[in-house]
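Chain by chain, the residues run as shown.
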Amino acid sequence: MCGIAGEIRFGSAGNAADADPAAVSRMTSAMVSRGPDGTGVWASGRVAFGHRRLKIIDLSEKAAQPMVDPELGLTVVFNGCIYNYRELREDLIKAGYRFFSHSDTEVIGKAYHRWGAACVEHFYGMFAIAVAERDTGTVMLARDRLGIKPMYLAESGDRLRFASTLPALLAAGEVDTSIDPVALHHYLSFHSVVPAPRTILTGVRKLPPATVRTIRADGTSSQHRYWSASHDRLDEHAGMSAQDWSEEVLTTLRRAVRRRMVADVPVGVLLSGGIDSSLIVALLAEEGQHDLRTFSVGFEASGGESGDEFVYSDIVAKHFDTDHQKIMVPSERLLPSVDSAIAAMSEPMVSHDCVAFYLLSGEVSKSVTVVQSGQGADEVFAGYDWYPPLADVPRDQAVDAYARVFVDRPHAELAAIVEPERLLGHDASREYIATHFVNSGAASTLDAALRLDSSVMLVDDPVKRVDNMTMAWGLEARVPFLDHELVELAAACPPELKLAHGGKGVLKEASRGVVPDAIIDRPKGYFPVPAIRHLSGGFLERVREAVTAPAAKSRGLIRSDYLERMLAAPNENRTTLGSNALWQVALLEMWLQERGIG
């Protein structure tokens with residue numbers, strides 16, 4: 001796990017300018033937290049790569065990046081982990097390749113030389129990769145199937161820059177920081193999710209998940225998606241009973257957890273006390289991992305809402321005899337951490353549990369460098385309460401039905417929120433949903449919703465949140481529920497099995513006898529941070545300061561009369577899924593101000 005950056009210059013033969021190593025150095029310097037264990041910059045003519053290293057696999061300097069392979073004429077920078085790198089290494093040795101390290105980075109280079117861009121189809125893992133060919137000038141950029149590892153792009157004229165974080169691109173300079181109007185619409189409508197390739201800034205884009213982009217020396221490029229999970233019922237699963245499905249889910253998850261044990265440092269677990277993280281703990285215990293470190297976080301109650309779920313995490317920790325640490329965050333520590341969490345965000349993320357993950361990660365990083373986490377199970381196995389209403393909806397009513405349960409507010413309401421000159425004249429978010437729902441490969445309305453959520457919302461909400469908040473402390477988070485084989489299996493699973501037992505039914509059945517019944521049968525919980533859900537005191541004052549700041553007024557995104565109404569009743573207005581509407585607009589403004597964007 002680390003931070004990567006680079007610059008590629010284009011032009012006809014002999015006319016392309018050299019890449020700027022100083023700009024790449026500025027980008028890597030902006031990502032020290034992602035890679036506190038080392039740094040490197042490599043430049044050769046029109047290409048320059050940079051890297052910040054977090055040592056996880058092969059702790060020697062032989063594994064340092066950018067990794068140059070003079071024999072093959074390739075240079076690699078890479079963020080993430082290839083879990084099957086040892087098996088691939090053996091295959092490549094049999095094919096005649098010689099290795100100088102024991103790193104997964106070198107495996108990527110050799111695999112690229114053997115299979116070209118199709119190498120990504122051989123990788124089991126999470127990754128953002130750049131490979132430069134010495135002899136042709138071609139550069140390949142690639143991102144893992146589920147978008148677990150980020151890659152931001154800033155392209156203008158004869159230059160393309162990439163980085164693991166958006167702020168790193170800003171540090172390089174010369175980025176158009178105007179607000180993308182479609183992205184603003186998504187932020188206020190599509191549950192604050194801005195799908196790839198857009199970001200909130202016009203001059204920054206994201207390489208979509210499961211995508212390879214090949215850039216040639218003359219600046220021409222091609223891009224293709226190399227993977228997707230079919231949400232149809234497949235012939236290979238015909239005749240499977242409900243018990244067969246639960247057994248197959250457990251077998252596949254067990255393999256996913258085992259894969260993510262690969263490391264040359266200890267691996268812990270972020271334990272919320274829900275079924276997802278509890279099942280990970282159980283399967284790690286099955287694998288014989290002794291003295292497993294587990295970590296839970298809690299906050300003081302506010303607004304009549306509890307701030308911890310320690311009663312459940314304690315059950316799991318005791319049952320599996322883990323080395324468990326409960327982290328209770330006092331209120332006086334929470335408020336100062338809000339701005340620190342926002343500073344760690346590559347994009348504005350409205351979920352109140354960003355602060356929880358930020359504080360939890362800071363404490364966990366004092367003990368371990370790698371953790372497994374339960375993110376993704378709700379999107380993959382239909383755990384949210386907006387899925388049951390979609391179960392029997394005809395396909396010709398699917399878009400309206402999904403919008404009713406997920407979209408923050410109807411397009412018509414934006415006229416009362418957004419300043420007229422910022423108002424988009426069409427419903428970009430609904431159009432985006434409709435485009436996805438008409439694609440083939442989803443058998444029902446619910447299948448189409450799960451496909452959209454697992455390929456878009458999951459990537460640019462919970463997965464991004466975990467990456468940003470853990471890497472702010474140099475902590476690598478691995479997410480076994482996003483193992484692509486498990487996602488493929490879950491996508492093919494009949495929806496009624498996923499909806500059973502109040503959601504995630506097939507996963508709950510798979511967990512029987514593996515985790516305590518008290519965890520399986522408990523009410524669904526969330527990662528509560530009550531002080532942000534119920535704004536008052538110092539939190540409300542911080543919000544007021546942000547939305548009334550001179551920068552906010554000169555920016556002119558949100559109508560002043562809307563803000564006045566929100567500030568007068570800060571906890572009365574909620575989005576469709578329950579987010580605090582005032583916090584949503586304030587968070588965007590705080591993020592822009594943190595970045596110095598006027």
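Since the model is a prediction, treat every value here as computed from it, not as a measurement. (Residues numbered from 1 in each chain as written. Predicted model: local features only at pLDDT ≥ 70, side-chain atom pairs only at ≥ 80, totals over all residues. Heavy atoms only, no water.)

Enquirer: Please give an account of the overall build of the chain that cites residues and values.
Expert: When its secondary structure is counted, the chain shows 24 helices and 17 strands. Scaling as 2.2 N^0.38, a compact globule of 598 residues should have a C-alpha radius of gyration of about 25 Å, and the chain matches this with 23 Å. When its C-alpha atoms are laid out on the principal axes, the chain stretches across 65 × 60 × 50 Å. Residues counted as buried form 61% of the 598 residues belonging to the chain. In the chain, 72% of the contacts between residues at least 6 apart in sequence involve partners at least 24 apart. On the chain, the mean spot of the 61 positive side-chain charges and the mean spot of the 78 negative ones are 3 Å from each other. (Helix = DSSP H or I, 4+ residues; strand = E, 2+ residues; numbered from the N terminus. Rg over C-alpha atoms; globule rule 2.2 N^0.38 Å. Buried < 20%, exposed > 50% of the residue type's maximum accessible area, 1.4 Å probe, protein only. Contact = heavy atoms within 4.5 Å. Lys, Arg positive; Asp, Glu negative; His and termini not counted. Charge placed at Lys NZ, Arg CZ, Asp CG, Glu CD.)

Enquirer: Outline helix 21 (residues 537-547), supporting the account with residue identities and numerical values.
Expert: Among all positions of helix 21, only Phe539, Leu540, Arg542, Val543, Ala546 and Val547 are buried. Looking straight down helix 21, one finds that the buried residues subtend no more than 155° of arc, so they occupy a single side. Structurally, helix 21 contributes buried residues whose contacts are with helix 9 (331-343), helix 20 (530-533), helix 22 (550-555), helix 23 (560-568) and helix 24 (581-594). (Arc of directions from axis to C-beta.)

Enquirer: With reference to specific residues and values, describe the sheet that holds strand 3 (residues 47-53).
Expert: The antiparallel open sheet is built from 6 strands, whose spatial order is 2-3-1-9-8-10. Here the strands that pair on one side only, and so sit at the sheet edges, are strand 2 (38-44) and strand 10 (205-206). Two elements, strand 1 (residues 2-9) and strand 3, share 7 bridges in a ladder whose sense is antiparallel. Counterpart to Gly3 in the pairing with strand 3 is Arg52. (Pairing = 2+ DSSP bridges.)

Enquirer: Can you break down the packing of aromatic side chains residue by residue, with the values?
Expert: Under the definition given, this model contains 12 aromatic pairs. Relative to Tyr387, the ring of Tyr384 lies with its centre 6.1 Å away and its plane at 40°, an arrangement referred to as tilted. When its relative accessible area of 15% is taken as the criterion, Tyr384 is described as buried. Accessibility expressed as a relative area gives 0% for Tyr387, which makes it buried. Site record: aromatic cluster; members linked through ring pairs are Phe190, Tyr384, Trp386, Tyr387, Tyr402, Phe406, Tyr432 and Phe437. When the ring centre of Phe99 is taken as reference, the NZ or CZ atom of Arg89 above it lies at 4.7 Å. The residue whose ring lies beneath Arg522 is Tyr312, and the NZ or CZ to ring-centre distance is 3.9 Å. (Phe/Tyr/Trp six-rings, centres within 6.5 Å; stacked < 30°, edge-to-face > 60°. Lys NZ or Arg CZ within 6 Å of the ring centre and 35° of its normal.)

Enquirer: Can you explain the layout of surface pockets? Please cite residues and give values.
Expert: Put simply, the second largest pocket is a space of about 430 Å³. For the second largest pocket, the lining is made up of 24 residues, of which Arg225, His436, Arg451, Ser455 and Val456 are closest to its centre. Listed by contribution, the elements that provide at least two residues to the lining of the second largest pocket are helix 13 (428-437), helix 14 (445-457) and helix 15 (459-471). Tallied by class, residues from the lining of the second largest pocket come to 12 nonpolar, 9 polar and 3 charged. (1 Å grid on protein atoms, 1.4 Å probe; cavity = no way out; pocket = protein on both sides within 12 Å on 5 of 7 lines; lining within 4 Å. Points joined across faces, edges and corners; volume = space filled by probe spheres on them. Nonpolar A, V, L, I, M, F, W, Y, C, P; charged D, E, K, R; others polar.)

Enquirer: Give me the nonpolar core: which residues, what numbers.
Expert: Across soluble globular proteins, you tend to see nonpolar side chains buried next to one another. Counting 81 residues, the largest nonpolar core has Phe123, Phe381 and Leu482 as its most contacted members. Per-element accounting of this core gives the leading share, 7 residues, to helix 7 (residues 275-286). Apart from residues no more than four positions distant in its own chain, Phe381 is found in contact with Val249, Phe481, Leu486, Ala490, Lys498, Lys504, Val506 and Leu507. Core analysis: the next-biggest nonpolar cluster, separate from the first, contains 80 residues, Ala163, Val364, Val547 and Met590 among them. (Core = buried A, V, L, I, M, F, W, Y, C linked by side-chain atoms within 4.5 Å.)

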